[in-house]
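Report on the structure
Letter by letter, the chains look like this.
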Amino acid sequence: LELYGIENWGAGYFDINRKGNLIVRPSENDPRAADVKEIIDDLARRGIGTPVLLRFPQLLTSQVRKLQRAFRNSIREFDYQGAHMCVYPMKVNQHRAVVEEYLREASRYDFGLEAGSKAELYAALALEQSPDSLLVLNGFKDEEFIEMAFVGARSGKRVVIVIEKLSELDHVLRLADRYEDGPMPMVGIRVKLYSKGSGRWEKSGGEAAKFGLTTTEILEVIRRMQEAGRIQMLRLLHFHIGSQLTDIKRIKNAIKEAARVYAKIRQMKVPIDLLDVGGGMAVDYDGSRTAFDSSANYTAQEFANDVVYTIKQVCEDENVPHPTIIQESGRFLTAYHAMLVTNVQDEIETVVEDIQPIEIDDDDPQVIIELADLRETISAKNYREYYHDALEHRDELFTLFNLGLISLEDRAKGEVLFWDVCERANRFARQTEDVSEDFDELRRLLCAKYLTNFSVFRSVPDHWAIDQLFPIVPIHRLNKQPTEYATLCDITCDSDGVVDKFVDLHDVKQILELHALTPGEPYYIAILLVGAYQEVMGSNHNLFGNPNEAHIYIDDDGYLIKKVIPGTNVGEAVERAHYDRGQLHEGFRRRIEQLVRRGELSEAQGMELVEYYESRINSYTYLVNGSTPSRRL
Ligand code: PLP
């Protein structure tokens, strides 16, 4: 089905098989494929229900290769004299499985890591990197952070401390005196560029950016390092103008400016030889290949070409050697490898339905008789006019009710009739492909609300926080035309817990085409491209914990479930909010004991309740009672 645009945003990793199921390939044009529905059924047989995060480590590897190949091609094409090395920013997804999988492939090209906090650095110091790869440290640092960097250098890592604030230099110079009898870290400086990025993270660049040194501060760092006799430590110039940079023109401008700063510093007899162009390579989430927020108007190859060519041009112009290009791409490497699969639990009723069939008689108020008449005679010719009439009658209905002139039963009848007219008007508008605003709004009001077993705040926080779009696709029934227009409601008690914006090639869709729910049959959907930022920024809202997780390897026979990590259980979720299991059990038991003492419960009943309560400590925080829609539709 072209409807979901898989071929636009899937980067060759996703497709639909003959059974109508979503499949995943380990790399573009690879004949091997895993059927996601089969994986979910297999996991269900093992007691692992939805929601479940599926990790496909091979996609991470493929992205690393894609990036490495793109730069290798550009370096050859433009006869660039320096190398290219990546450092993966751990903050994008610090999960051990992700970082270790990255390092397995990355070490072949001397790609390293970037850490932005003491905890990330702590983890990185123990991870196996190739000897020539770098460990770049960004973010604000105290003396302890910087000392850990010196210890890292002593342990044999090629550490670069990037100075974000002048005060960090004081710590560096002091510690250099203490640690100078062994290998020392290198120093980098982050420059605040005049050039800005494009897209949601535009504010990360420009003169008012939170991070980076101004030109005078850079000169001051150089002066102080020279004065302290430590200028040989200054090896790297870094900039980062934001994540998800949608527009290649802006990237080129920033590189031009940064390369010029690099060249000028180099000309000051500073032995700088690493130019770190930050992260920001965008992922085309909607497949539109535009500078729109959730897209990118360039490919990896175009990005690499622009970076390499621009740096070369500036360096030749300034007559300085070509630096090694360091790149901190995170989103581009990790976004594709993870998807959240979950079940639609039910449909939420939002319009008034007649629970009892309504009967109209001559004694009914005039407004009801007129609404009933509209309902009977609405047609493809008059639906616009009748819809507007119905709106007026509804206002009248409420005015009469507020004046005490009609009964509660009359009001109920009127509401049912009004929504019946709306539904019919909406059907005619659909048939006639009416795109006027009135019916757009009505369509949104009348669309199905699919209650979906997940938390937006846990699994796609960027959708809630910054309207980031993620592709969403059913994992089965893809050989059947969907018949419903729907939005997704999550299971948190928060009206912001909805997904009501969807990827589209030309615009943002307000509704998603999905299949009608069949009683007794599960309906599964996947939210894709969630491997970057979402997992690690997700929150505990409503104490929904981590979903179940499975690591999938795609092989000649389909798939292999390599690892299953059960999601957070209720006990772990309450502990995150600092409740103590023992105290909770004790508290519940005490309350039951009081009831038993007062004779309101027998001892056996009390025991049963206590046992039940205590056994629930291991429940999944998500809905488990049947992953099938319960309502007859
Ligand atoms: N480097 C730095 C300094 C960052 O702040 C970020 C994130 O914004 C990145 C690298 C990673 O960016 P991206 O994931 O867009 O490649």
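Residues numbered from 1 in each chain as written. Predicted model: local features only at pLDDT ≥ 70, side-chain atom pairs only at ≥ 80, totals over all residues.

The peptide bond linking T50 to P51 adopts the cis configuration, its omega dihedral lying at 0°. Here P51 lies in the loop between α2 (36-45) and β4 (52-55). Positive phi outside glycine occurs at D79, with the angle close to 55°. Its location among the elements puts D79 in the loop between α3 (57-77) and β5 (84-89). The exposed category is assigned to D79, around which 9 C-beta atoms lie within 10 Å. Phi at L529 is positive, roughly 60°, even though this residue is not glycine. Here L529 is to be found in the loop between β19 (524-527) and α18 (534-537). On the basis of neighbour counts, which here come to 29 C-beta atoms within 10 Å, the residue L529 falls in the buried class. (Helix = DSSP H or I, 4+ residues; strand = E, 2+ residues; numbered from the N terminus. Buried ≥ 20, exposed ≤ 12 C-beta atoms within 10 Å, placed from the backbone.)

Right, let's get into the domain arrangement of the protein. Many structure descriptions define interface size as the accessible area lost when the parts assemble. Taken as a whole, the protein is organised into domain 1 (94-329) and domain 2 (581-618). One C-alpha centre belongs to domain 1, the other to domain 2, and the line joining them spans 58 Å. (Domains from an automatic or database assignment.)

So, on to the pairing of strand β7 (residues 134-137). Of the two faces of β7, the one carrying L134 and V136 and the one carrying L135 and L137 are both buried. In this sheet, β7 lies alongside strand β6 (residues 112-115) in parallel orientation, the contact comprising three bridges. Residue E114 lies in a different strand from β7, and its bridge partner there is V136. In this fold, β6 hands off to helix α5 (residues 118-126), which returns the chain to β7; that crossover is right-handed. Pairing of β7 with strand β8 (residues 158-163), which is carried by four bridges, proceeds in the parallel orientation. Residue pairing across strands places V136 opposite V160, the latter belonging to β8. (Pairing = 2+ DSSP bridges. Right-handed = clockwise from strand over helix to strand, strands pointing away.)

With that settled, the discussion passes to the sheet that holds strand β3 (residues 34-35). Ordered by their spatial adjacency, three strands build an open sheet running β1-β2-β3, and the pairing between neighbours is antiparallel. Edge positions in the sheet fall to β1 (14-16) and β3, since each of these pairs with one other strand and no more. As judged from the two bridges shared by strand β2 (residues 22-24) and β3, these two strands associate in the antiparallel manner. Across the sheet, V24 pairs through a bridge with A34, a residue of β3.

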